[in-house]
Amino acid sequence: MPETEQLELESNSLSSSLLVGLFNQITDDKTLVVLDMGMASSASVSFFGQTKCKLQFAGMIDSEVEKYNDQELSHDERVGLFKNDLNLQADSKIDIVLFWDLFCYLSAPAITAVLEALIPNLHNRTKAHSIGQLNARQKMQYSEYGIQSINQLWQQPSYSVQPNVYPHSRHDFSRILNYLMIDRSCLLSGNRVENLLMINT
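Residues numbered from 1 in each chain as written. Predicted model: local features only at pLDDT ≥ 70, side-chain atom pairs only at ≥ 80, totals over all residues. Heavy atoms only, no water.

## Description of the overall build of the protein
No. 1: Within the protein, the regular secondary structure consists of four helices and nine strands.
No. 2: In sequence order, the protein lays out its α and β elements as β-β-α-β-α-β-α-β-β-β-α-β-β.
No. 3: Computed over its C-alpha atoms, the radius of gyration of the protein comes to 16 Å, within 12% of the 17 Å expected for a compact globule of 201 residues.
No. 4: Counting only C-alpha atoms and orienting by the principal axes, one finds that the protein spans roughly 50 × 40 × 30 Å.
No. 5: Put simply, the protein has 201 residues, and 45% of those count as buried.
No. 6: Nonlocal contacts in the protein, meaning residues at least 24 apart in sequence, comprise 70% of its contacts between residues at least 6 apart.
No. 7: Here the protein displays about 10,000 Å² of accessible surface, and carbon together with sulfur accounts for 48% of that area. (Helix = DSSP H or I, 4+ residues; strand = E, 2+ residues; numbered from the N terminus. Rg over C-alpha atoms; globule rule 2.2 N^0.38 Å. Buried < 20%, exposed > 50% of the residue type's maximum accessible area, 1.4 Å probe, protein only. Contact = heavy atoms within 4.5 Å. Areas by Shrake-Rupley, 256 points an atom, 1.4 Å probe, with all protein chains shown as cover.)

## Here's the deal with the sheet that holds strand β3 (residues 53–57)
No. 1: Taken together, the six strands give an open sheet; going across it, the order is β3-β2-β4-β5-β9-β8, and neighbouring strands pair in mixed fashion. Either end of the sheet is taken by a strand with one partner, and the two such strands are β3 and β8 (180–188). Here the average twist between neighbouring strands, direction ignored, is 15°.
No. 2: Bridge count for strand β2 (residues 32–36) against β3 is five bridges, and the pairing is parallel. Pairing of Val34 across the sheet is with Leu55, part of β3. (Pairing = 2+ DSSP bridges. Axes fitted to C-alpha atoms, helices over the stretch in contact; angles between N-to-C directions.)

## Some thoughts on the packing of aromatic side chains
No. 1: Counted by the stated rule, this structure contains eight aromatic pairs.
No. 2: Here Trp100 and Tyr145 contribute two aromatic rings whose centre-to-centre distance is 5.8 Å and whose plane-to-plane angle is 25°, an arrangement assigned as stacked. You can see Trp100 sitting in strand β4 (residues 94–100) and its partner Tyr145 sitting in strand β6 (residues 143–149), a full 45 residues away along the chain.
No. 3: With relative accessibility at 1%, the residue Trp100 sits in the buried group.
No. 4: Looking at Tyr145, the relative accessible area reads 3%, which means it is buried.
No. 5: Site record: aromatic cluster; members linked through ring pairs are Phe23, Phe47 and Phe48. (Phe/Tyr/Trp six-rings, centres within 6.5 Å; stacked < 30°, edge-to-face > 60°.)

## Focus: the environment of Asp172
No. 1: For Asp172, the position within the fold is in helix α4 (residues 170–177).
No. 2: Among the residues examined, Asp172 registers a relative accessible area of 30% and is labelled partly exposed.
No. 3: When the C-alpha positions of Asp172 and Phe82 are compared, they lie 22 Å apart, and in sequence the two are 90 residues distant.

## Describing helix α3 (residues 108–118)
An α-helix turns once per 3.6 residues; consequently, residues spaced three or four apart project the same way.
No. 1: Of the residues making up α3, those classed as buried are Ala110, Ile111, Ala113, Val114, Leu115, Ala117 and Leu118.
No. 2: Packed against the buried residues of α3 are β2, α2 (75–86), β4, β5 (122–133), α4 and β8.

## Details of the sheet that holds strand β7 (residues 152–157)
No. 1: Strand order in the open sheet formed by three strands is β1-β7-β6, and the pairing between neighbours is antiparallel. The open sheet has two edge strands with one neighbour each: β1 (13–15) and β6. Across the sheet, the axes of successive neighbouring strands diverge by a mean angle of 35°, strand direction being ignored.
No. 2: Here β1 runs beside β7; their pairing, made up of three bridges, is antiparallel. The residue bridging Ser13 from the neighbouring strand is Trp154, located in β7.

## A word on the pairing of β2
No. 1: For β2, the buried fraction is high: five of the five residues fall into the buried class.
No. 2: Along β2, one buried face is formed by Leu32, Val34 and Asp36 and the opposite face, lined by Val33 and Leu35, is buried too.
No. 3: Bridge count between β2 and β4: three bridges; the pairing is parallel. Within β4, the position partnered with Asp36 by the bridge is Leu98.

In structure tokens:
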């Protein structure tokens, strides 16, 4: 069952050692294409508004996320559901994907499906960021996320009902990712770990 008791956030700012790794491919003449899987945040809009950027919010991290975990769905149906909800243009190539803690609320089959749905829109230099649960036996903060600066995440507690949490060990998570690989990881407060992800070539 979902955890309804929230851990108190110490601050809306959260230091990040990995965000800078997302942006080392940026050039002044390139329009950055960013897919944020969470809800729209003023912090991210302000941050990306400082550069040439096409920013899309998918809004997937909410109470409706459980529909992707429906055990009655076939793999193809699950992939189709993600593709329909993402509604990405066929010729769009994404430079950065901000998964935030989406994977914590998806079963292994759902993670496989969302990545398969995204693959046609990624390229070999696409990078991604995710936040995972460090210890499955401890509660995890339910937050909305954004980017405040090149080394600062923005976080805000979400007071809606937290979706079911699907714990994934680091070993299992690496295997499930398939199309992506964990390049680096760093600890965050609140029983969390951040991951810098790259295309698995």
